[in-house]
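# Descriptive analysis of the structure
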Amino acid sequence: MNETYLDELNEIQRQAVTATDGPLMIVAGAGSGKTRVLTYRIAHLIRLGVDPFNILALTFTNKAAREMKERIGRIVSKGEARNIWMGTFHSVFARILRAEAEKLGYPSNFTIYDTEDSKSLLKTILKEQGLDEKVYKPAMVLSRISAAKNNLISAQAYLQNNTVIEEDRMSGKPKMGIIYEQYSKRCFKAGAMDFDDLLFNTNILLRDYPEVLNKYQDKFRYIMVDEYQDTNFSQYVIVKQLAAKFQNICVVGDDAQSIYAFRGANIQNILSFERDYPDLKTVKLEQNYRSTQHIVKAANAVIKNNREQLEKNVWTANADGDKIGLMKAATDNEEGQLVARHIFEIKMQHQLHNSDFAILYRTNAQSRSMEEALRRLNIPYRIYGGTSFYQRKEVKDMLAYYRMCINPHDEEALKRIINYPTRGIGDTTLDKITIAARDNDVSLFTVCENIAEFGLQVNSGTVQKIQDFVAMIKSFGVMLEVQNAYDLGHHIASHSGLLRELYSDKTPEGVSRYENVQELLNGLKEFSDGENAPPIDLVEQNDPELQRIELEQQAELQDDINAGPLRTLDQFMQDIALLTDADTKAPDADTNKVSLMTIHAAKGLEFGYVYIVGMEENLFPSALSVNSRADLEEERRLFYVAITRAEKRCMLTYASTRYRWGNLTTCEPSRFIEEIDTDYMEYANSAARSEFGGGGVPASPLFQRRAAQQGAATPQVNVSSGPAPKKNLVKVASTVNTPTAPLDNSHLKSLAVGMTVQHDRFGRGKVVELEGAFPNTKATVHFDGSGQKQLLLKFAKLEIVG
DNA sequence: GTGTAATGCTATTGG
DNA sequence: AGCATTACAC
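Residues numbered from 1 in each chain as written. Chains lettered and ligands numbered in written order. Predicted model: local features only at pLDDT ≥ 70, side-chain atom pairs only at ≥ 80, totals over all residues. Heavy atoms only, no water.

## With respect to the protein's contact with DNA strand B
Inspection of the region around DNA strand B gives 22 residues, with Arg362, Thr428, Thr429, Thr580 and Thr598 positioned closest. At 3.4 Å from a sugar or linking oxygen of DNA strand B is found a side-chain nitrogen or oxygen belonging to Arg263. In the environment of DNA strand B, a phosphate oxygen lies 3.0 Å from a nitrogen or oxygen atom belonging to the backbone of Gly424. Where the surface near DNA strand B is concerned, the elements lending two or more residues are helix H11 (195–208) and helix H20 (427–440). Class assignment for the residues of the surface near DNA strand B results in five nonpolar, 13 polar and four charged. (Near = heavy atom within 4 Å. Polar contact = N/O pair within 3.5 Å; in protein donor to acceptor, adjacent residues only side chain to side chain. Helix = DSSP H or I, 4+ residues; strand = E, 2+ residues; numbered from the N terminus. Nonpolar A, V, L, I, M, F, W, Y, C, P; charged D, E, K, R; others polar.)

Here's what the structure looks like:
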């Protein structure tokens, strides 16, 4: 065992590592060695004699868990490290739920629905309820349901909650509760849980089964939660429950890096934590080891614009380094070229690897122009995020067969494959099956099994086809326990006809789809052949259920010895839905590539050289965030996260035009650029220099423009805010720079025919006609003075007067 | 029921 | 621009 690990820590880090018992909160500034503290803390616990089986560590990604385990293994031993329960909330509690599923009326091999499955189910329900998909947008409905679950509001409670009923009525969606209820019912009937159910049902389990709670409290004597700022209420309650007995709970987080409020993450959890544990010990890690002076200072300058934050002083002893670089491009494509060329030059100049570079953006759609430019310069890159391997259509189709053979009641899987490849069971038949299933409160598969009993009105040919399908699925099902994952997986691929279907498509896309399924089969092969259980240190464990999952957990982590128990398809499928792109291992061994990802995906990572692209208003900060302080502050934290990913150098870029929705839009530099002190900024191309730099010029065009906008919105500001911008200057600036920028005209959403409006130039008028969806609505207005005009609502300077 | 052509909608962020 | 749903011919 490596005994020197404590010497590698600074005084405060050491405190965090050695304060093993009782509640502890570690406020960890960006780059302050948080991961090191966590790993050493766990290693230290083990060294002090704590059984790894009694340690639970919850991380934000599975990849983080894997890496941490590896590092712990190097300090203690590999065998001990693998016994720690470590993973994301979702994967850890999915495992526990599988062990305890029967208590909740679920099968232990329940399916995990991903977002696509959830939305597809919602669409079915909307259709059944005769509701308009335009009003009840599936994504929106799902996020509403998700928010309810994350706040531990069941469908029943939802239907009786006056607050939400009122909210839904006000937003014109009174049926939301019914949809939620139906959705829950259908998931249950299909033996399926969605992502939020994994946490929600864990809460139900711990709430309603004291003996289960007790068991896991005793098991998890030491609990650690990483990225605590990004946990939601549901997760908070789980942790609180589990830690209630021993109170050995350590949370690590940084409020400045909370970027998942949109998903229900709640900064309150940190504050509640202080309230829940009066004898809480708090440790603040403030020394940054990652980045240069300039990067740390720039990041601090940005984050201090947020009103809500814990007091913290992040500093570094590192060298000044380069300043934050700013580059302006004319178009999004040129932005890509600018970045690619910059990477190329820096790489040559300093003899660096491609993997030293990362390009970070706000939205996935921005990757395209970057990819093109990198490809042109032959710079290898890898995109993280986006659709993961397991979400590709052809892979999901294959997985749907696997899912059905494990859990035939899986409704979404059935809908995908009952007619793919085509076998003459079309929409009409499927509709009939769906209706019968709903009316009799059974699963779709049950109806298919007993067509006559449910009185399905279909012709005999169709009956035969359905029976063949059922027989096929059943024939796969019986092989589950006797065949390994690959053999069965391959058998299904060929006997379902899916492999043949894909093979017959010789288009390049078709070939690639075929290859992806082959790749999936390769994965199965590796899983099946792989690495089986070394002799397991048998632990004292009274609960056979618990022991079984312990064994399974070990089986999953085997890397050493061959031969052993059969590795089956249902084991492989267990938490496929929980794997993200980052967890999917790179298909090729070559890891020397530039990384491209969203800023969200970059959380917890670090790179020598970071490019933050698309620094534009309405993109970053996102257009949807600029109207609320809380949302804007989250965007700013996101920017803070982005900057602090960089070790050596951070470059910002923006474009003045960009294609969005297929048409060209004019862009304005992000307000965040101005929040960085000019002392830490360097204008790295002439376009940026002329817009921002200009040495002694007091007010950049950008500043004038913004001041003008603020002045217009809040006239009283003009009085106290120094030299008021000159009217004529303002006008020139705004017409030159933003000739066609859409206005925020959300107040015109409610505009209706017959209303009276007031226009800047045309005066008073009456709305004659409205055409198209907001904000692209075209309005025909008859003005008292100047006659009939057509106006686009997103550009029109209109006010409603009556 | 199946296959193709035209239409329409969309793009925060993710386990 | 790219994808999913819909409309329509077979």
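## Some words on the packing of helix H5 (residues 89–100) against helix H12 (residues 210–219)
Close contact between H5 and H12 brings their axes to 13 Å; oriented N to C, the two are set at 135°. When the axes of H5 and H12 are compared, the pair comes out oblique. Along this stretch, H5 crosses H12, giving a crossing that reads as right-handed. On H12, the residues that touch Ile96, Ala99 and Glu100 of H5 are Val212, Lys215 and Tyr216. Among the residues forming the contact of H5 with H12, the class breakdown is four nonpolar, no polar and two charged. (Axes fitted to C-alpha atoms, helices over the stretch in contact; angles between N-to-C directions. Parallel < 35°, antiparallel > 145°, perpendicular 65-115°, else oblique. Left-handed = near helix turned anticlockwise from the far one by under 90°. Contact = heavy atoms within 4.5 Å.)

## Quick look at helix H9 (residues 162–170)
Its side-chain oxygen 2.9 Å from the backbone nitrogen of Thr163, Asn161 forms the N-cap of H9. Immediately downstream of H9, the backbone of Gly172 shows phi near 75°, a positive value.

## Focus: helix H1 (residues 11–18)
Looking at H1, one finds that the buried residues are Gln13, Ala16 and Val17. Angular distribution of buried residues about the axis of H1 spans 100°; they occupy a single face of the element. Where H1 is buried, its residues touch strand E1 (24–28), helix H2 (34–47) and strand E8 (281–285). Between a side-chain oxygen at the N-terminus of H1 and the backbone nitrogen of Ile12 the separation is 3.0 Å; the capping residue is Asn10. (Buried < 20%, exposed > 50% of the residue type's maximum accessible area, 1.4 Å probe, protein only. Arc of directions from axis to C-beta.)

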